[in-house]
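Okay, here's what each chain looks like letter by letter:
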Amino acid sequence: MATPIVMPKQGQSVESCIIVEWKKRPGESVAEGDILCEVETDKAVLEVSSPASGTLLELFFAAGDDVPVLTTIAAVGAEGDDVSALRPDSATTQPVSTQAAAPTVIPNSTPEVAPPALSTPDPAQNTPPPAAPARVGEVVGISPRARNLAERKQVDTAGIQGSGPGGRILERDVQAALTTQPKVTPVAKAMVATGDFSLPHQGSGPGGRIMSRDLTPPPPSATSPTPSAAVNGEATATSAPTTSVPGGSEQIPLRGVRKVIAERMLSSLQTTAQLTLHSSADARALLALRKRLKASDAALGLQAVTINDLILFAVARVLIQHPMLNATLSDNVITQVHDVNLGFAVDTPRGLLVPVIRHANHLSLRLLAQEGKRLVTAIQAGNIAPDEMADGTFTVTNLGNLGIEQFTPILNVPQVAILGVGNVNLKAVATSDEMDGEIEFIPHIGLSLTINHQAVDGAPGARFLQALSQGLKNIDLLLAL
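Let me begin by describing the structure that accompanies this report.

Analysis parameters
- Residues take numbers from 1 onward in each chain, read along the sequence in its written order.
- Where local features are concerned, this predicted model is filtered to residues with pLDDT of at least 70; where side-chain atom pairs are given and counted, the filter is 80 or more; whole-chain, interface and lining totals use all residues.
- Water and hydrogen atoms were dropped before computing side-chain values, which therefore reflect all heavy atoms in the structure.
- The secondary structure listing takes helices from DSSP runs of H or I that are at least 4 residues long and strands from runs of E that are at least 2 residues long, numbered from the N terminus.
- For every residue, the accessible area obtained with a 1.4 Å probe (protein chains only) is divided by the maximum for its type, and the residue is called buried under 20%, exposed over 50%, and partly exposed between those limits.
- Note on contacts: a residue pair is in contact if any heavy atoms of the two residues lie within 4.5 Å.
- The accessible surface values rely on the Shrake-Rupley method and a 1.4 Å probe; as for residues, cover is taken only from the protein chains in view.
- Our working definition of a disulfide is a cysteine sulfur pair at a distance within 2.5 Å.
- Nonpolar side chains (Val, Leu, Ile, Met, Phe, Trp, Tyr) are joined into patches within 5 Å and like charges within 9 Å, using only residues with over 30% relative accessible area and no salt bridge.
- The term salt bridge refers to a pairing of a side-chain nitrogen on Lys or Arg with a carboxyl oxygen on Asp or Glu at a separation within 4 Å.
- DSSP calls a pair of strands paired once it identifies at least 2 bridges connecting them.
- With axes taken as lines fitted to C-alpha atoms, and helix axes fitted only over the stretch in contact, angles between N-to-C directions fall between 0 and 180 degrees.
- By this rule, a helix spans an expected 1.5 Å times one less than how many residues it contains.

Side note on the overall build of the protein chain
Next, step 1: Per the secondary structure count, the protein chain includes nine helices and 20 strands.
Next, step 2: The buried share among the 481 residues of the protein chain stands at 37%.
Next, step 3: Taking the intrachain contacts of the protein chain between residues at least 6 apart in sequence as the baseline, contacts between residues at least 24 apart amount to 61%.
Next, step 4: Here the protein chain displays about 27,700 Å² of accessible surface, and carbon together with sulfur accounts for 54% of that area.

Description of the state of the cysteines
Next, step 1: For the coordinates displayed, the defined rule picks out zero disulfides.
Next, step 2: We note that cysteine 17 lacks a disulfide partner, and the nearest cysteine sulfur, in cysteine 37, lies 9.4 Å from it.
Next, step 3: By relative accessible area, cysteine 17 is classed as buried at 0%.

Quick look at a nonpolar patch on the surface
Next, step 1: A contiguous nonpolar patch, built from Leu426, Ile439 and Phe441 and spanning about 360 Å² of accessible area, is present on the exposed surface.
Next, step 2: In this fold, isoleucine 439 is placed in strand 20 (residues 439-452).

Observations regarding the sheet that holds strand 5 (residues 45-49)
Pairing between the strands of a sheet is mediated by backbone hydrogen bonds and can be parallel or antiparallel.
Next, step 1: A sheet is described by the order of its strands in space; here four strands give the open sequence 5-4-2-7, paired in antiparallel fashion. Each of the sheet's edge strands pairs with one partner strand only, and the pair in question is strand 5 and strand 7 (66-68). Pairwise comparison of adjacent strand axes, ignoring direction, gives a mean angle of 40° for this sheet.
Next, step 2: As judged from the five bridges shared by strand 4 (residues 35-40) and strand 5, these two strands associate in the antiparallel manner. For isoleucine 35, the partnering residue across the bridge sits in strand 5 and is serine 49.

Focus on helix 6 (residues 307-319)
Next, step 1: Under the 1.5 Å per step criterion, the end-to-end length of helix 6 is 18 Å for 13 residues, consistent within 8% with the ideal 18 Å.
Next, step 2: Burial analysis of helix 6 places 11 of its 13 residues in the buried class, which makes it a mostly covered element.
Next, step 3: When helix 6 is considered as a whole, its buried residues turn out to be Asp309, Leu310, Ile311, Leu312, Phe313, Ala314, Val315, Ala316, Arg317, Val318 and Leu319.

Regarding the sheet that holds strand 1 (residues 3-6)
Next, step 1: Sheet architecture is open: four strands sit in the order 1-8-6-3, paired in antiparallel fashion. Looking along the sheet, the strands with just one partner apiece sit at the ends: strand 1 and strand 3 (29-30).
Next, step 2: Sheet analysis places strand 6 (residues 54-59) next to strand 8 (residues 72-77), joined by four bridges and oriented antiparallel. Looking across to strand 8, one finds that glutamate 58 is bridged to alanine 75.

Comments concerning the pattern of salt bridges
Next, step 1: Within this structure, the stated rule accounts for nine salt bridges.
Next, step 2: With a shortest N-O distance of 3.0 Å, arginine 87 and glutamate 58 are connected by a salt bridge. Taken together, the residues arginine 87 in the loop between strand 8 and helix 1 (144-153) and glutamate 58 in strand 6 connect sequence positions 29 residues apart.
Next, step 3: Three or more residues are tied together by salt bridges with common partners; here these are Glu21, Lys23 and Glu38.

Given below as structure tokens:
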């Protein structure tokens, strides 16, 4: 009896996964625990292994399909096992066709010709000429599954050597051709079809995908007209050589993480009343402490603590005193959480992701920095657990390293507040209350707090910003708490 391979459920918030790549093909033998495919959630890339040993009988979905969790995606069993009962209604790949295969032509033989019909032909119609016999070694036909795959993947079957009877092209032949073909975007493929461009061996897109910008235009012709030259004080009618660069665009469908980000950002703006407050904090103590930590004894484990780690530490300590901002709003219910589950935005090749440091208000600076780095490493590698990106109560997003002074962060709903951190700039500050007092330029770090005005008023948000500014100004005092 065939064993179903089910799309695993990855955490409570994951509803579907995209099949990135199949590692095994139908007909291959697999052992229990073998990796069958890679799937991508809105949070990470994961591997799906076989729960049983046997033969991979059929794949119900193709690479690139977005499949709901707990859906059967393939079947493993003994050859000949019936998998029709396991095939989901939403399957995108076709089972092996039950139609009769095209007749096989044996070299040096003439195919049978059907006898003429007994009915009298219409004299007004021309009798079709008899079919010509196949040439020796001619490739005969292509299986329906191979044809569907070739059309779907836009593979030219003219140059494929079939491995079926009489040279018939089978699905595995098309799959083998796919593995040797460079991955090309539709726009780049259309440009190459014009004959004016050539394909490189590898592109600059994800996984070496060849983009339109990677194509090589032909060199200028040696007979191209020369630039205009003055003759008797007048310019000739010749023109400079030009290289025609086609315009156009490249369509990139919203899928995976990018699709989830798009939906959540739009939903955030459509369902919340967002208000952003801008401020700054004296960064002298912050910069001085970072310098001391960097020069500290390696045995203390503090040399790798960053400015962002110090900000996360300060936010966790100050936020616990402002429970209105350490909260979520869902179904018209505000939930204030007693501990700070601190999310922080991470820029990854797959998009903006937000891991969560749990109980951040109870962690020392060293432990908080270590946990943050562990989460960043896991998320960059694509193997972070979905639950490590859930249940955040407040989020910090830092664009200071990119030179941004202030910006408007968008709420990570259902959270009611998010802090944006800018870079450090010199700010003119009066050294006394007198109008004619001296001005001193003091480094300040930009802070931008977005709140959901449905749950938090402007004054509590401003008080939190004020307290955070004082905490960063006196970061050494926070360390004593």
